[in-house]
Amino acid sequence: MAAAFPPGERVELVARAVLLRAGLARFHEERRANWDRLTGDRRPAVDDPDAVTLNTQPGARTQNADDLRTLGDALRLMDRVIDLLESPAEDIAVVAFGLEQLQSRVIELEEYADLKEPVGLLRELIESRDV
């Protein structure tokens, strides 16, 4: 299976994984900033539409916490994926498939909860090859 992923393709997969991780990290930072606004002590000004919306939507804190968990899981998994891709001895066909699934979901992302399925698939694929 190593012939299916020559060094050039491995480098491309690592680059795609790093870029995907950077995008997920940006999403995580946005959710973290949102969480800080939701749980902060400051009183929002009436003309701060984001703060007014966040504080009047029921379940905003719960949704934001779930988004943070999902994104945190995705970031930890991407770190593992990058490690596997950089290891020349590893068979990466399974990882490449899972990475492609996650990347396509991020491109079409509407809600962070949409990441749960491809993150779970990628985790299962990695764990099954570790057995």
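Preceding block: the structure.
**Q** Explain the overall build of the protein chain to me, please; I cannot follow it from the model alone.
**A** Of regular secondary structure, the protein chain possesses 5 helices and 0 strands. When the helices and strands of the protein chain are listed from N to C terminus, the series reads α-α-α-α-α. Buried positions account for 36% of the 131 residues belonging to the protein chain. For the protein chain, long-range pairs separated by at least 24 residues make up 72% of all intrachain contacts whose partners lie at least 6 apart in sequence.

**Q** Would you take a moment to explain the environment of R21 for this structure?
**A** Assignment of secondary structure puts R21 in helix α1 (residues 7-39). Owing to a relative accessible area of 25%, R21 belongs among the partly exposed residues under this scheme. For the pair R21 and L77, spaced 56 residues apart in sequence, the C-alpha separation works out to 9.3 Å. In this structure, R21 is in contact with L75, M78, D79 and I82, ignoring residues within four places of it in sequence.

**Q** Honestly, the nonpolar core in this entry has me stumped. Any pointers?
**A** L24, V81, L85, L99, L102 and L115 are the most contacted members of the largest nonpolar core, which totals 27 residues. Within the residue set of this core, elements represented by two or more residues are α1, α3 (60-86), α4 (93-107) and α5 (116-130). If we skip the residues at most four places from it in the chain, L99 touches L13, A17, L20, M78, V81, L85 and L122.

Each value, and the rule that gives it
Residues numbered from 1 in each chain as written. Predicted model: local features only at pLDDT ≥ 70, side-chain atom pairs only at ≥ 80, totals over all residues. Heavy atoms only, no water. Helix = DSSP H or I, 4+ residues; strand = E, 2+ residues; numbered from the N terminus. Buried < 20%, exposed > 50% of the residue type's maximum accessible area, 1.4 Å probe, protein only. Contact = heavy atoms within 4.5 Å. Core = buried A, V, L, I, M, F, W, Y, C linked by side-chain atoms within 4.5 Å.

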